[in-house]
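Single-letter residue listing:
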Amino acid sequence: MQQRRELDQVYTNRKLLNGQLDTPKWWLPTVSILGVVVLIGVVVIATMINKGLGVTGLARPVYWGLFITTFVFWVGISHAGIMISAILRLTQAEWRRPVTRAAELLTVFSLLTALVFPLIHAGRPWRIAYWIMPYDVARGIYPNIRSPLIMDPVAISTYLTGSTLFLYIALLPDLGNLRDRTTGWKNAMYTVLALGWRGNPRQWKMQTVGGILLSALMLPIFVSVHSIVSWDFAIAAAVEGWHSTIFAPYFVIGAVHSGVSAVVTMMALMRWLWKWDDFIRPEHFDALARLLIVVATGWLAFTFLELTFALYGQDAPEIALREMQMFQWPWNALFITFFLTAYLIPVPMWLFKRVRTNIALMFWTSILVNVGMWLERFLIIVPGLARRTPFVYTWEAYRPSPVEWTIFIWSFAWVTFLMLLFSRFFPLVPLFEAKESQVFTDDVMIGRAKVPAIVREAD
Amino acid sequence: MTNEAVAHESDHHAPPPNVAADVVARELVATTTGASGRFKAWTWILGILSVVGIAALIVKFIDQGDDSTKWGYVAAMVSFLLSVAGGAPMVAMAPVMAKANWVRPITRIASLFSFAGIATLIMLIPLVAILPPLVTEGARRRTIWYMAPDYSPHIWSTLGLVLLLLTGIMLFYSAALPDFASMRDHSTGWRQRLGKRLARGWVGTDVQWRTLRMRIGMFGTFYFLILVFVNFLISTDFGQSMVPGWRDAIFPMYHTVSGFQAGVAGVVIALYFSRKYMKLEKYIHLDAFWSLGRLLFALTLLWIYFFYSSFIVFWYGRSMNDIATLDLLIKGPMIYAFFAGMILLWFVPWWILIWNKVRRGTGAMVVGSFVILLGLLIDRIRTFVPAWSVPPENIHQKWLQEIPATVWPDVFDILIMAGGISLVAFTVMMMTRVIPVLSVWQVQEFNLLAKPIRYIKGHATLVAKPD
Amino acid sequence: MTTAEFGSHNWGMVVDVDKCIGCNACVIACQAENNIPLNSQDRVERARSISWIRVERYWEGDFPDAKARFIPIMCQHCENAPCEPVCPVYATYHNSEGMNVQVYNRCVGTRYCANGCPYIVRFFNYWEPVWPESLRNHLNPDVTIRSRGIMEKCSFCVHRIRRESRSARSAGVEIADGAVQTACSSACPTSALNFGNFNDPNSKVSKMKEDKRHYTLLDQFGTDPNVIYLAKIDADKKVGSGAAASHD
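Thresholds, definitions, all that
- Residues numbered from 1 in each chain as written.
- Chains lettered and ligands numbered in written order.
- Predicted model: local features only at pLDDT ≥ 70, side-chain atom pairs only at ≥ 80, totals over all residues.
- Helix = DSSP H or I, 4+ residues; strand = E, 2+ residues; numbered from the N terminus.
- Rg over C-alpha atoms; globule rule 2.2 N^0.38 Å.
- Buried ≥ 20, exposed ≤ 12 C-beta atoms within 10 Å, placed from the backbone.
- Contact = placed C-beta atoms within 7 Å.
- Nonpolar A, V, L, I, M, F, W, Y, C, P; charged D, E, K, R; others polar.
- Axes fitted to C-alpha atoms, helices over the stretch in contact; angles between N-to-C directions.
- Parallel < 35°, antiparallel > 145°, perpendicular 65-115°, else oblique.
- Left-handed = near helix turned anticlockwise from the far one by under 90°.
- Pairing = 2+ DSSP bridges.
- Core = buried A, V, L, I, M, F, W, Y, C linked by C-beta atoms within 7 Å.
- Expected span 1.5 Å × (residues − 1).
- pLDDT = per-residue confidence, 0-100.

Another aspect to go through is the overall build of chain C. Of the regular secondary structure elements, chain C holds six helices and ten strands. In terms of overall size, chain C behaves like a compact globule, its C-alpha atoms giving a radius of gyration of 18 Å where 248 residues would be expected to give roughly 18 Å. Overall size of chain C, expressed as C-alpha extent along the three principal axes, is 50 × 50 × 40 Å. The buried share of chain C, reckoned over its 248 residues, is 45%. Taking the contacts inside chain C whose residues are at least 6 apart along the sequence as the reference set, 62% of them involve residues at least 24 apart.

Following this line, the structure appears as structure tokens:
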């Protein structure tokens, strides 16, 4: 572990508020470029809704393609927030502190993006209210709650609500800080948002208790979200590659894998863009990479089980599907890429401390993981549907159309755009967490060795 | 500065006093001698029950060795004992990897359970002889051994269990070296001689410590891998593949996780009794119960999650496989066990362990642990007994056509189950006579690394985190 | 001929594969009857053609002894339909007459039902349907035209069933066996397709169903279809190998 640096509170404030109190030079050009991409994406989506889903590459029997893959991908990314903020909070992992805000943000924005996909991918999106809204006056029937597609919006919107609250509660002390440092309309905005935050002990206590309670309450939702997404697939007995009992935990652990990797990517970017070297330190990357090694290896075990039990039945269609998924062009190329990027390249690299503390390497390996995890979802969804059923009439492959690719790219631009917009008004590293970690860490002398220590409540 | 410490302000009480290192060594070594009358009586009872159980196993093998449908309860017992005796040492391992301080004093008691693996092995021997080969009547059944030689499951499961036992003992021994040295220095009679022999010249040099930690890490990782491997083998070969059409990818994972759950419950029980009857309140802090309680609670929730994950996929799937599997394991002959398991393994412990007050105490924790162990036993019966009740001539069908009737335990089964459980308790109790029930050096380390401090108005602990 | 109790219908079809000559008349009849958009070359190539009933080619046996066979496949109207529980808006559900029905107005086009269907007989409207001007007056007024973005599939010509039951009800009589014919069954030149009421033990289909050649498609999924197939008779093979055409 590195030597602790004493950072005084004035320095912390000045440094961490550098995005709000003055605008970095790169901010406006970047946001403008992203804005253009977002605009193009919106136009393409509008065109697609106007013309119909014929503009996609979907064809029988592949009725779900790139959109659903990307939906699952973004829902997966959203698991970063609660993983980092809630689970690590409950297990009292000290190194989570500078990362919490970014992870929660990623949750909120990726969920907002994920929600778009099932909506635009429906045949008649303008009737989607019938699907999502639990009340239906016009038709006299309620939605079919047996359908995982009903459980999906319920789980995701609950998760989104909870995550937003979580983010907001953690933002309160920083909002109070910003209110005291701004003037004009910004001051008015922060005043309203800070809800009269003064930082007195009662407020702190409520903020802490609120955070802990939300952490505990959010955990089941966190698990349920991706489980339900996985049941979208797993309950279909007719699709051999989908009907596996392991899907729920397999998807959840895969989501944590990709989500935490996305947080690593974000942390590296934050460190470079806002020059927060004092706050986002190599030891944080080190700790995250260690966590990732465990998560990734757990995920690998689930992958192994999934494959083993796919072949367990020794049924011809299942074996044929796996043969196609792994050994037939073009799936084989995707499969190899998936395996290399999701596990075989990054994880052995993380075994070395030199890699774990090298920010550039961590940045690139974490991006690799997400390439791999996106491919994983693609390889589950599309070959699963494109399987060769006994009916030759339905043998057809799927090739995503340019429209689908554009909307896919839009989703990335959109999340980054929202993130940068947010960073202009709110600090990305929680100030109070940074200060708290200063107070809560100490060194103790054991014999002649100076050992880093943290403060814990007594039992 | 206002974090968790503030949230629990009302719960604060003074931290337990620090004990000097040499007192720790003397007191803990002294626990190995001078067993109370009650302890001796219990050991006798458990010992006799174990012998009766083993005898029943032999008689049953001679009597019913040719009918595999009668061996479900023994299979359930293998799985149950594997869960408890195999899972418990993981409690010692997992948090060590996460550098948790509270776990240090209790690693020993957890790793004592690896000796109980001998009970699992004894139960497995007749079962291996009875397990049908992969190819029966020219047809191959569904297994993970696609093209492997005929008797692969028999060989690998046995090897796995033996390896698990050996690794567990090695894990125990590699962490026990300094304690054997304390026995050499502080004990008398055969214990001193044993300590001298087994301490292998331990004096505590830097190199020795480094080797020790490396060994613990190595055997710990190895133990974990073997445990997962054995869990996978036992649950698929002795459970799933006995039923045509039961294809449940999560079942091995489910088996492993409930194994951890049973392990933690077993450790809590052992910890409770040694704390209470060996007067170890000074060393076994409530913090350990609190942390174990949270772990147990998390594992309980994980259990229901894994169970539900497989249940809902069968429920919705409705293919012939799915329907037959549900009919056999849940709706059919085992419906009582299903409900009992649900209540005992999930609902009751859930409502017990959800309370922070409970987790900070010992009494309700130990009740919860007993409930969990009982529930787990029933759950193992639910999965393994119907699996073995499928007649071997139907084993290679595509899916189960005919749901067998409920199999109730006979006298042998009851004696065998009582004997198996007694053997585990007996082994652990006997081992506490051989080596201190708490690891002396880990208790010393615990005291060294955690320092009670005054913090603002309350108490807190300053925990050092060495690399 | 006695008839079943009024209103007690379980519509179903018995397909005698041995009689089928693969002429595709059923396919054309269905297209015309149900206002199915024209399957242009482009749509067929992109696997977006819509064909409520189709004649599938399949191979039976391994290479030197392989036989080319064909079999008409339409929605199987399963009793345990995998498409039904997954629809979030109840656009597809099981009605009291044993049919799996599709309510076009409810459908939002999630295509989840199509993923669940093992027979792949559900079709999605990628575009707004268009017909050449010359065909516009040939559309069947009894059948809804499906707009883009919704699923459709074989309805067992539900409009014909409704028409018959209306006239039977107003006349105060039961629907006679054979009175309701689907477009495909009435077009079939060899009577390979037979439509009727399984609840009536004396109906033609109920009797045909008892044939020992009967089997259902993909029975491992436990869907319990209302379309029963009668196996092809092989000169050199024993009759009644039920799973012969389940394509395993």
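What follows is about the overall build of chain A. Along chain A, the regular secondary structure elements total 19 helices and two strands. Relative to its length of 459 residues, chain A is compact, with a C-alpha radius of gyration of 23 Å against a globular reference of 23 Å. Taken over the C-alpha atoms alone, chain A extends approximately 70 × 55 × 45 Å along its principal axes. Taken over 459 residues, chain A has a buried fraction of 50%.

Each side of the interface is counted separately: chain B has 47 residues, and chain A has 42 residues. Of all the secondary-structure elements, those providing two or more residues to the side of chain B that touches chain A are α1 (4-7), α10 (251-277), α11 (286-317), β3 (450-455) and β4 (458-464) of chain B. The biggest single contributor to the side of chain B that touches chain A is α11 of chain B, with eleven residues. Taken together, the residues of the side of chain B that touches chain A break down into 26 nonpolar, eleven polar and ten charged.

Turning to the packing of helix α1 (residues 9-16) of chain A against helix α19 (residues 431-440) of chain A, a few remarks are in order. All names here are of chain A. With their axes 10 Å apart at the nearest point, α1 and α19 run at an angle of 150° to one another. When the axis of α1 is compared with that of α19, the two are roughly antiparallel. Seen along the crossing, α1 lies across α19 with a hand that is right-handed. Within the contact between the two elements, α1 uses Gln9, Thr12, Asn13 and Leu16 and α19 uses Leu431, Ala434 and Lys435. Class assignment of the residues belonging to the contact of α1 with α19 gives a composition of three nonpolar, three polar and one charged.

What follows is about helix α2 (residues 21-30) of chain B. When we look at burial in α2 of chain B, the residues that qualify are Val24, Ala25, Glu27, Leu28 and Val29 of chain B. At its buried positions, α2 of chain B is contacted by α7 (152-186) and α17 (440-449) of chain B.

A few words now on the pairing of strand β8 (residues 193-197) of chain C. Each regular strand shows side chains that alternate between the opposite faces of the sheet. Residue and element names in this part refer to chain C. Of all five residues in β8, five are buried; the element is thus mostly enclosed. By the alternation rule, side chains of β8 split into Leu193, Phe195 and Asn197 and Asn194 and Gly196, which are all buried. Across five bridges, the pairing between strand β1 (residues 11-16) and β8 is antiparallel. Each residue of the ladder has a partner; that of Gly12, found in β8, is Gly196.

Now for the nonpolar core. The nonpolar side chains of a soluble globular protein tend to be buried with one another. Counting residues in hydrophobic clusters, the biggest one holds 345 residues, and the most contacted among them are Val263 of chain A together with Val78 and Val267 of chain B. Top element by residues in this core is helix α11 (residues 247-274) of chain A. It accounts for 17 residues. Those residues in contact with Val78 of chain B that sit more than four places away from it in its chain are Thr120, Met123, Leu124, Leu127, Ile234 and Phe238 of chain B.

For helix α6 (residues 100-121) of chain A, spanning 22 residues, the distance from its first C-alpha to its last is 32 Å, which sits close to the expected 32 Å at 1.5 Å a residue. Among the 22 residues that make up α6 of chain A, 18 are buried, leaving the element largely enclosed by the rest of the structure.

Time to look at the sheet that holds β8 of chain C. Within the open sheet, the four strands sit side by side as β8-β1-β10-β9 (chain C). Their pairing is mixed. For this open sheet the edge positions go to β8 and β9 (214-215) of chain C, each flanked by a neighbour on one side alone.

It is worth spelling out the environment of Ile71 of chain C at this point. As for its position among the elements, Ile71 of chain C is in strand β3 (residues 67-73). Exposure remark for Ile71 of chain C: the 21 C-beta atoms within 10 Å place this residue in the buried category.

Now for the confidence of the model for chain C. Low pLDDT marks stretches whose predicted atomic positions should not be read closely. Residues and elements named next belong to chain C. Averaged over every residue, the pLDDT of chain C is 87; residues scoring 70 or more account for 92%. Low pLDDT, under 50, characterises residues 1-5; the stretch is placed with twelve contacts to residues that sit more than four places away or in other chains. Counted against residues more than four places away or in other chains, residues 240-248, with its pLDDT under 50, gives 20 contacts.

Another point: the packing of helix α4 (residues 66-77) of chain A against α6 of chain A. Pairs of packed helices are described in terms of their axes, by the angle between the two and the distance that separates them. All names here are of chain A. Look at α4 against α6: their axes get within 8 Å of each other, and the N-to-C directions meet at 160°. It follows that α4 is roughly antiparallel to α6 by the angle criterion. The crossing of α4 and α6 is left-handed. For the pair α4 and α6, the contacting residues are Phe67, Ile68, Thr70, Phe71, Trp74, Val75 and Ile77 in the first and Leu106, Ser110, Thr113, Ala114, Phe117, Pro118, Ile120 and His121 in the second. When its residues are assigned to classes, the contact of α4 with α6 shows eleven nonpolar, four polar and no charged.

Attention now moves to unusual backbone geometry. Most peptide bonds adopt trans geometry, and most residues besides glycine take a negative phi value. Note the cis peptide between Arg60 of chain A and Pro61 of chain A, where omega equals 0°. In this fold, Pro61 of chain A is placed in the loop between α3 (27-51) and α4. Pro330 of chain A follows Trp329 of chain A through a cis peptide bond whose omega is 0°. Position of Pro330 of chain A among the secondary structure elements: in the loop between α13 (316-327) and α14 (331-344). With phi around 45°, Leu218 of chain C is a residue other than glycine that occupies positive phi space. Checked against the element boundaries, Leu218 of chain C lands in the loop between β9 and β10 (227-230). The backbone of Asp224 of chain C shows a phi angle near 55°, a positive value even though the residue is not glycine. Mapping Asp224 of chain C onto the fold places it in the loop between β9 and β10. Since 14 C-beta atoms lie within 10 Å of it, Asp224 of chain C is described here as partly exposed.

Turning our attention to the environment of Val267 of chain B. Tracing the backbone through its elements, the reader meets Val267 of chain B in helix α10. Classification of Val267 of chain B by C-beta neighbours within 10 Å gives buried; the count is 29.

Residues and elements named next belong to chain A. By the element assignment, Trp331 lies in helix α14. Given 20 C-beta atoms within a 10 Å radius, Trp331 is considered buried. For the pair Trp331 and Ile446, spaced 115 residues apart in sequence, the C-alpha separation works out to 57 Å. Not counting chain neighbours up to four residues away, the residues in contact with Trp331 comprise Met324, Gln325, Leu379 and Pro383.

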